[in-house]
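Overview (structure and organization)
Now for the letters of each chain:
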Amino acid sequence: SLCLTVFADLEPVLLKEKPAGRKPIKTMWLTEERRKGMYQSIRNHVSKGRQCYIVFPVIDESEKLDLRAATDACEELRTAIFPEFKVELLHGKMKGPDRERVMNEFRAGRVQILVSTTVIEVGVDVPNATIMVIEHADRFGISQLHQLRGRVGRGSEESFCVLMSDSTTDSARERLQALVDSEDGFALAEVGLRL
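The residue numbering used here restarts from 1 in each chain and proceeds along that chain's sequence as written. Given that this is a predicted model, residues contribute local features only at a pLDDT of at least 70 and side-chain atom pairs are listed and counted only at 80 or more, while totals for whole chains, interfaces and linings are drawn from all residues. With hydrogens and water excluded, all non-hydrogen atoms of the structure serve as input to the side-chain values.

1. Comments concerning the nonpolar core
The following threshold applies: The definition of a nonpolar core used throughout is a set of buried Ala, Val, Leu, Ile, Met, Phe, Trp, Tyr and Cys residues joined through side-chain atoms within 4.5 Å. Exposure categories follow from relative accessible area, calculated using a 1.4 Å probe and restricted to protein chains: below 20% of the type maximum is buried, above 50% is exposed, and the middle band is partly exposed. Strands are runs of DSSP state E lasting at least 2 residues, helices are runs of H or I lasting at least 4, and numbering of each runs from the N terminus. Contacts are assigned to residue pairs with any non-hydrogen atoms lying within 4.5 Å of each other.
Core analysis: the biggest nonpolar cluster contains 30 residues, and Tyr53, Ile120, Ile134 and Leu163 have the highest contact counts within it. When contributions to this core are tallied by element, the ones reaching two or more residues are β1 (25–30), β2 (51–55), α4 (96–107), β5 (129–134), α5 (142–149), β6 (159–164), α6 (170–181) and α7 (185–194). Non-local contacts of Ile120, meaning those with residues more than four positions away in its chain, are made with Tyr53, Val55, Leu90, Leu114, Met132, Leu148 and Arg151. In this structure, Val46, Phe56, Val115 and Val162 belong to the second largest nonpolar core, which totals 23 residues.

Here is the structure:
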């Protein structure tokens, strides 16, 4: 595509506006000490009929990485934190039919909270999903965070993206703050390139 553009067979088209009726996504960066309040916010929204994504960087626990994993977290969220809601797990190692079943249940509203990896990064359109929590957000790049955030805010309801991270590295802090400050993919790409 880039080659065709350079040699004048294609023209670049910049889409700078959101589709009609969509509101800005409120993005916030929270640390571990705010987790309880964040869970209460999820509970409030889901109780009103909305849906939530909770995204993790890894599927299973690893001895090398000190990260909460989607599999273990899903069990805790399902039994200890949100027993009143239907919580399901979705990740790339699942068989195709199982992934499709979970996604169809979420689309239909029968699953209120979807615990996932980045398998939902592209091509998922559930307008009723209004909250996304990205765990260990510092482990993702700017473009990936921006792409994940785009899974919410697809309907007319106000939507939220919560970046959970206790990271103190300058690079991580700058990436996360850039996401809080801007929804402009072009501006975020510039920050990513500079970093």
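2. Notes on unusual backbone geometry
Phi at His136 is positive, roughly 50 degrees, even though this residue is not glycine. Looking at the secondary structure, you find His136 in the loop between β5 and α5. Residue class for His136 comes out buried when judged on its relative accessible area of 18%.

3. Some thoughts on the packing of α5 against α7
Just so we agree on the cut-off: Under this scheme, a helix contributes an axis fitted over its contacting stretch, all axes are lines through C-alpha atoms, and angles between N-to-C directions fall in the 0 to 180 degree range. Any angle that is under 35 degrees is reported as roughly parallel, and any over 145 degrees as roughly antiparallel; angles of 65 to 115 degrees are reported as roughly perpendicular and all others as oblique. Think of it as three bins: nonpolar holds Ala, Val, Leu, Ile, Met, Phe, Trp, Tyr, Cys and Pro, charged holds Asp, Glu, Lys and Arg, and polar takes everything else, Gly as well.
For the pair α5 and α7, interaxial distance at closest approach is 9 Å and the crossing angle is 155 degrees. Our classification of the angle between α5 and α7 gives roughly antiparallel. Between α5 and α7, the residues in contact are Ile142, His146 and Arg149 and Gly185, Leu188, Val191 and Gly192, respectively. Of the residues that constitute the contact of α5 with α7, the class distribution is 3 nonpolar, 3 polar and 1 charged.

4. Notes on the pairing of β5
We count it as follows: Only strands joined by at least two bridges in the DSSP assignment are considered to pair. Crossover handedness is defined by viewing with both strands directed away from the observer: a clockwise path from the first strand over the helix to the second marks the crossover as right-handed.
Of all 6 residues making up β5, 6 are buried, and the element is well covered by its neighbours. As judged from the 5 bridges shared by β2 and β5, these two strands associate in the parallel manner. Counterpart to Ile54 in the pairing with β5 is Val133. Across 4 bridges, the pairing between β5 and β6 is parallel. The partner of Ile131 across the bridge, within β6, is Phe160. A crossover links β5 with its parallel partner β6, the connecting element being α5, and its sense is right-handed.

5. Regarding the side chain of Arg175
Which entries qualify depends on this criterion: Only four residue types enter the tally: Lys and Arg on the positive side, Asp and Glu on the negative side, with His and both chain ends excluded. What counts as a salt bridge is simple: a side-chain nitrogen of Lys or Arg found within 4 Å of a carboxyl oxygen of Asp or Glu.
Residue position: Arg175 is located in helix α6. Asp138 is the oppositely charged side chain nearest to the buried, salt-bridge-free Arg175, at an N-O distance of 5.8 Å. Once residues within four sequence positions are removed from consideration, Arg175 is found in contact with Asp138, Arg139, Phe140, Gly141, Ile142 and Leu195.

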